[in-house]
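Descriptive analysis of the structure
Okay, here's what each chain looks like letter by letter:
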Amino acid sequence: TYKGVYVASCAMGANYAQCVKALQEAEAHDGPSVVICYAPCIEHRTKTGLSNMGNDMKAAVECGYWPLYRYDPNRVKLGEPPFQLDYKTTNGKVLDFLRNQN
């Protein structure tokens, strides 16, 4: 187990503020940090096209395909849980989302 590692998952098109916060916390963390970002590209060949990548990111989060979370081990020292799920409500339409992917 790597208890001292900051880990976050973000998607800028889904929640810009959460993405910025995750990157700021990762940079400020005294130790290793990993930030995993959902970033579709032309190679994904999505049916929505490159001009709608922000909406594609938002759809991935809303359906539950891509969770937004932050794990900050420094929160334990404050008596707070280190894991924060930043998007808690999903519509469960993962298959609909995947149908728009290639």
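In this report, we go over the structure that sits alongside the text. Along each chain, the written sequence defines residue order, and numbers are assigned to residues from 1. Where totals are concerned, whole chains, interfaces and linings use all residues; where local detail is concerned, this predicted model gives features only for residues with pLDDT of at least 70, and gives and counts side-chain atom pairs only at 80 or more. To obtain the side-chain values, all non-hydrogen atoms of the structure were used and water was disregarded.

Let's talk about the overall build of the protein chain
A tally of regular secondary structure across the protein chain gives 3 helices and 4 strands. Segments assigned H or I by DSSP are reported as helices when at least four residues long, segments assigned E as strands when at least two residues long, and all are numbered from the N terminus. In the protein chain, the succession of helices and strands from N to C terminus is β-α-β-α-β-β-α. Along the first, second and third principal axes, the C-alpha set of the protein chain runs to 45 × 25 × 25 Å. Three labels apply to residues, based on accessible area from a 1.4 Å probe with only protein chains included: buried if under 20% of the type maximum, exposed if over 50%, partly exposed otherwise in between. When the 102 residues of the protein chain are sorted by exposure, 31% land in the buried category. Residue contacts are defined here by distance: any two heavy atoms, one from each residue, within 4.5 Å place the two residues in contact. Pairs at least 24 apart in sequence give 67% of the contacts found in the protein chain among residues at least 6 apart. Per-residue accessibility takes into account occlusion by the displayed protein chains alone, with areas from the Shrake-Rupley method and a 1.4 Å probe. Carbon and sulfur atoms form 55% of the exposed surface of the protein chain, whose accessible area is close to 6,600 Å². Charged side chains in the protein chain number 11 positive and 10 negative. The centres of these two groups are separated by 6 Å. Positive residues here are Lys and Arg, negative ones are Asp and Glu, while His and the chain termini are left out of the count. Lysine's charge is taken at NZ, arginine's at CZ, aspartate's at CG and glutamate's at CD.

A short note on a nonpolar patch on the surface
Together, Tyr65, Leu95 and Leu98 give the surface a local cluster of nonpolar side chains, amounting to about 290 Å² of exposed area. Here Leu95 is to be found in helix 3 (residues 94-99). In this scheme, patches are assembled from residues that exceed 30% relative accessible area and form no salt bridge. Like charges are connected within 9 Å, while nonpolar side chains (Val, Leu, Ile, Met, Phe, Trp, Tyr) are connected within 5 Å. By definition here, a salt bridge exists when the distance from a side-chain nitrogen of Lys or Arg to a carboxyl oxygen of Asp or Glu is within 4 Å.

Thoughts on the environment of Val94
Counting through the fold element by element, Val94 comes out in helix 3. The partly exposed category is assigned to Val94, whose relative accessible area is 28%. Residues Val94 and Trp66, spaced 28 residues apart in sequence, show a C-alpha to C-alpha distance of 9.7 Å. Those residues in contact with Val94, other than ones at most four positions away along the chain, are Cys63, Gly64 and Tyr65.

Some thoughts on the packing of aromatic side chains
In this analysis, rings of Phe, Tyr and Trp, with Trp reduced to its six-membered ring, are considered paired at centre separations within 6.5 Å, and the interplanar angle assigns stacked below 30 degrees, edge-to-face beyond 60, and tilted for intermediate values. The full count for this structure, using the stated rule, is 4 aromatic pairs. Seen in terms of ring centroids, Tyr38 and Tyr65 are 6.3 Å apart; in terms of plane orientation they differ by 75°. Their pairing is edge-to-face. Within this pair, whereas Tyr38 is found in the loop between strand 2 (33-37) and helix 2 (53-63), its partner Tyr65 is found in the loop between helix 2 and strand 3 (69-71), the two being separated by 27 residues in sequence. Through a chain of ring-to-ring contacts, the aromatic side chains of Tyr38, Tyr65, Trp66 and Phe97 assemble into a single cluster.

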